[in-house]
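The chain contents come next:
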Amino acid sequence: MIETLLKHIPLISNCKDVIQIKKGFSTDEKYLIHMNDGSKKLLLRTFKLEEFESKKKEYSILEKLQKYNVTCSQPISMGQVGSRGYMITSYIEGKDAEEEIQKYSEQEQFNIGFEAGKKLRKIYQFVAPSHVSSWHSRKEEKHKNYIDAYLACGIRVENDHKIMNFIEENIHLMKERPSVFQHDDFHVGNIIVNNKKFAGVIDFNRYDWGDPIHEFLKIGIFSREVSIPFSIGQLRGYFNNTEPDEYFWRLYSLYLAMCVFSNVIWTLKTVPEKINDMLGKVYTYLEDHDYFSELKPKWYTEEI
């Protein structure tokens, strides 16, 4: 298939080399394209034609993010060849932070997180279109569906009643929250670093609209296991080097608590063989918050 694509897409038909990228959960096929001049690299993603309309929206999102000076891939071309759709974007040079960042000093890790937090704040300048329904209504409905699925799935998280009670006590906080662009998978695995510095954020295909604080739950699930200095840095960068207040930590904890049940169901549906790995992450962040009797996680410190 890749040979057919190369033949029918003029922009990359004379490329020097093609390397498939197999990392990540996306159903897209991804290829790194080395152009003939030796210096330019492009990213080619191919997908099923039934996804074409949603990919057009993602392409448009990338175009709009350029206006807000967000450091991400620049959209270049999009189209169809035979039974596949394709999207070509610029390639962000470097390695993903999940694999690379632990080789750096704690200060360097913090600095990368700080820059990531600043870029995240730029993303949130992008307000949801008027036709998008309220964040509260959408999130509450999703949560109820996940709870129903969780209660029927046969897997139980220890002390799940404590988590559900915490959610019920705090779910009203979502009612007045803004609705802005969400990357929805913002963590070290989607951050590119180069020469020990933040180079950009990738993989916007899971984007959504909602509360900007919701984005931070990926720190508690993923980033804190890889780099606590990065995680603290992301928070400090977002808050312009000030400390998050109790209101932030309460909403952050609410979203993390809700994620206990969505994580279980998503994993069972998508990658059931990884359910034990996901449960391990769930119990880690439950312990971080002592089952949400503590709002601020144990890993967070004000001393860095």
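Everything discussed here concerns the structure shown above.
Criteria and cut-off values
- Residues numbered from 1 in each chain as written.
- Predicted model: local features only at pLDDT ≥ 70, side-chain atom pairs only at ≥ 80, totals over all residues.
- Heavy atoms only, no water.
- Helix = DSSP H or I, 4+ residues; strand = E, 2+ residues; numbered from the N terminus.
- Rg over C-alpha atoms; globule rule 2.2 N^0.38 Å.
- Buried < 20%, exposed > 50% of the residue type's maximum accessible area, 1.4 Å probe, protein only.
- Contact = heavy atoms within 4.5 Å.
- Areas by Shrake-Rupley, 256 points an atom, 1.4 Å probe, with all protein chains shown as cover.
- Lys, Arg positive; Asp, Glu negative; His and termini not counted.
- Charge placed at Lys NZ, Arg CZ, Asp CG, Glu CD.
- Phe/Tyr/Trp six-rings, centres within 6.5 Å; stacked < 30°, edge-to-face > 60°.
- Axes fitted to C-alpha atoms, helices over the stretch in contact; angles between N-to-C directions.
- Parallel < 35°, antiparallel > 145°, perpendicular 65-115°, else oblique.
- Left-handed = near helix turned anticlockwise from the far one by under 90°.
- Nonpolar A, V, L, I, M, F, W, Y, C, P; charged D, E, K, R; others polar.
- Salt bridge = Lys/Arg side-chain N within 4 Å of Asp/Glu carboxyl O.
- Pairing = 2+ DSSP bridges.
- Disulfide = S-S within 2.5 Å.
- Polar contact = N/O pair within 3.5 Å; in protein donor to acceptor, adjacent residues only side chain to side chain.
- Core = buried A, V, L, I, M, F, W, Y, C linked by side-chain atoms within 4.5 Å.

With that out of the way, let us pick up the overall build of the chain. Secondary structure summary: the chain contains ten helices and ten strands in total. Relative to the compact-globule value of 19 Å for 304 residues, the chain shows a C-alpha radius of gyration of 20 Å, a close match. When its C-alpha atoms are laid out on the principal axes, the chain stretches across 60 × 45 × 40 Å. Per-residue burial over the chain gives 52% buried out of 304 residues. Pairs at least 24 residues apart make up 71% of the contacts formed inside the chain by residues separated by at least 6 positions. Total accessible area on the chain is roughly 14700 Å²; 47% of this is exposed by carbon and sulfur atoms. Taking the 41 positively charged and 44 negatively charged side chains of the chain as two groups, their mean positions are separated by 5 Å.

By the definition in use, this model includes 22 aromatic pairs. Geometrically, the ring pair formed by Phe181 and Tyr207 is stacked, given 5.7 Å between the ring centres and 20° between the ring planes. Taken together, the residues Phe181 in strand β7 (residues 180–182) and Tyr207 in the loop between β9 (197–201) and β10 (208–210) connect sequence positions 26 residues apart. The class for Phe181 is buried, based on a relative accessible area of 0%.

Between helix α5 (residues 135–153) and helix α6 (residues 160–170), the least distance of the axes is 13 Å, while the angle of their chain directions is 165°. Between α5 and α6, the angle falls in the class roughly antiparallel. Crossing of α5 over α6 shows left-handed handedness. The segment α5 lies against α6, with His143, Ile147, Tyr150 and Leu151 engaging Asp160, Met164 and Ile167. Across the contact of α5 with α6, the residue classes break down as five nonpolar, one polar and one charged.

Here we come to the pattern of salt bridges. Tallying each qualifying case throughout the model produces 20 salt bridges. Glu58 is paired through a salt bridge with Lys55; the nearest N and O atoms lie 3.7 Å apart. Of this pair, Glu58 and Lys55 both sit in helix α2 (residues 52–67), separated by three residues, roughly a single helical turn. Here Glu58 and Lys55 have matching classes, each one buried.

Reading across the sheet, the three strands line up as β6-β8-β9 and stay open at both edges, with antiparallel pairing between neighbours. Among the strands making up the open sheet, the edge pair consists of β6 (95–96) and β9. Relative to strand β8 (residues 191–194), β6 is paired through two bridges, and the arrangement is antiparallel. Its bridge partner being in β8, Lys95 is matched across the sheet by Val193.

Let us look at the state of the cysteines. Tallying each qualifying case throughout the model produces zero disulfides. Residue Cys259 stays outside any disulfide, its sulfur separated by 15 Å from that of Cys153, the closest cysteine.

Before going further, it helps to spend a moment on the side chain of Arg177. Looking at where Arg177 falls in the secondary structure, it is placed in the loop between α6 and β7. Since its relative accessible area comes to 18%, Arg177 is described here as buried. A polar side-chain atom of Arg177 sits 2.8 Å from a polar atom in the side chain of Asp211. A polar contact of 3.5 Å, which involves the side chain of Arg177, links it to the side chain of Tyr247. Apart from residues no more than four positions distant in its own chain, Arg177 is found in contact with Trp135, Asp211, Pro212, Ile213, Tyr247, Leu251 and Tyr255.

For the rest of this paragraph, the subject is the nonpolar core. Ranked by size, the top nonpolar core spans 75 residues in total, and within it Val157, Ile163, Ile191, Leu235, Tyr252 and Tyr255 carry the most contacts. The leading source of residues in this core is helix α9 (residues 246–270), at 14 residues. Look past the residues within four positions of Val157 in its chain and what remains in contact with it is Tyr150, Ile163, Val260, Val264, Leu279, Val282, Tyr283 and Leu286. One finds Leu5, Ile9, Cys15 and Met35 within the second-largest nonpolar core, a separate group that totals 14 residues.

Another aspect to go through is helix α8 (residues 228–238). Burial analysis of α8 places ten of its eleven residues in the buried class, the great majority of the element. Every buried residue belonging to α8 is among Pro229, Phe230, Ser231, Ile232, Gly233, Gln234, Leu235, Arg236, Gly237 and Tyr238, and all of these are buried. Check the buried side of α8 and you find it contacts α4 (106–123), β8, α7 (217–226) and α9. At the N-terminal boundary of α8, the capping side chain belongs to Ser227, with an oxygen 3.0 Å from the backbone nitrogen of Phe230. Backbone geometry just after α8 places Asn240 at a positive phi near 55°.

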